[in-house]
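# What the coordinates show
Now for the letters of each chain:
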Amino acid sequence: MRYLKLPVNFNAILKGEKVATCTIEESIAQSIMTQITSRYGEVSGRPDFGSEIWELEFNQLVKVYEWEEDVKKSLIRSIKKYETRLYDVEVDVNLSEFEKESSTSIRRDVRRKADIYVKGKIIYQDIPFHFSTTLYISPLSQ
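Residues numbered from 1 in each chain as written. Predicted model: local features only at pLDDT ≥ 70, side-chain atom pairs only at ≥ 80, totals over all residues. Heavy atoms only, no water.

### Considerations on the packing of aromatic side chains
Within a pair of aromatic rings, the relevant descriptors are the distance that separates the centres and the angle that separates the planes. Operational definition: Each aromatic pair joins two rings of Phe, Tyr and Trp (for Trp, the six-membered one) with centres within 6.5 Å, and gets the label stacked for planes under 30 degrees apart, edge-to-face for over 60, and tilted for any other angle. Working definition: helices are DSSP H or I runs of at least four residues, strands are E runs of at least two. Numbering for both runs from the N terminus.
Counting across every chain of the model gives 1 aromatic pair. Both rings, one in Phe-49 and one in Tyr-82, keep their centres 5.3 Å apart while their planes meet at 65°; by these two values the pair is edge-to-face. Of the two residues, Phe-49 is situated in the loop between helix H2 (24–36) and helix H3 (53–56) and Tyr-82 in helix H4 (residues 64–82); the sequence distance between them amounts to 33 residues.

Here you go:
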């Protein structure tokens with residue numbers, strides 16, 4: 001089976017030209033990354049497609065472990081519902097802070113880094129699937 005590689009060149013498709021394709025693993029990874037980077041309600045007709053990350057991004061009142069757990073649960077729900085090529089889905093989310101030197105020596109920028117790991121099995125081939133990404137979010141000033 002052939003899967004389209006993102007971003008899709010719709011002009012080429014309409015003209016009947018050859019378009020870039022990818023493996024099932026790459027296609028699933030693209031789908032998961034789209035879910036991670038989408039806000040709820042962003043995809044028309046799918047109000048629960050996406051993740052909690054963008055609802056919690058600048059919320060300083062949520063404890064780290066609560067943030068990790070909320071994001072993890074939201075991703076598990078979304079992936080199980082919208083990425084039906086996987087089963088036995090597990091998600092791990094780790095949030096950490098790091099300091100980045102600012103262009104001025106007076107100020108330091110504190111940012112958050114979210115490491116996201118997804119594993120499961122591909123239904124059609126019953127083979128393991130692994131995906132990981134890192135997002136840099138919530139610029140804070142000190």
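Having seen it, we continue.
### Brief notes about the layout of surface pockets
This is how the line gets drawn: Points on a 1 Å grid, built from protein atoms alone, make a cavity when a 1.4 Å probe fits but cannot get out and make a pocket when they are open with protein on both sides within 12 Å along at least 5 of 7 lines; residues with an atom within 4 Å of a point are the lining residues. Grid points are joined across faces, edges and corners, and a volume is the space filled by probe spheres set on the points. Nonpolar residues are Ala, Val, Leu, Ile, Met, Phe, Trp, Tyr, Cys and Pro. Charged residues are Asp, Glu, Lys and Arg, and all others, Gly as well, are polar.
Counted as a void, the largest pocket has a volume near 210 Å³. Forming the boundary of the largest pocket are Leu-4, Leu-6, Val-8, Ser-27, Gln-30, Ser-31, Thr-34, Arg-46, Phe-49, Tyr-82 and Arg-85. The biggest single contributor to the lining of the largest pocket is H2, with 4 residues. Its residues assigned to classes, the lining of the largest pocket comprises 5 nonpolar, 4 polar and 2 charged.

### Here's the deal with the environment of Ile-24
Rules: Accessibility here uses a 1.4 Å probe with only protein chains present; expressed as a share of the type maximum, an area under 20% marks a residue as buried, one over 50% as exposed, and anything in between as partly exposed. The contact definition used throughout considers only heavy atoms, calling two residues in contact when any of these lie within 4.5 Å.
Checked against the element boundaries, Ile-24 lands in helix H2. A relative accessible area of 7% places Ile-24 in the buried class. For the pair Ile-24 and Ile-122, spaced 98 residues apart in sequence, the C-alpha to C-alpha distance is 8.7 Å. Not counting the four nearest positions on each side in its chain, Ile-24 is found in contact with Tyr-3, Arg-85, Ile-122, Tyr-124 and Gln-125.

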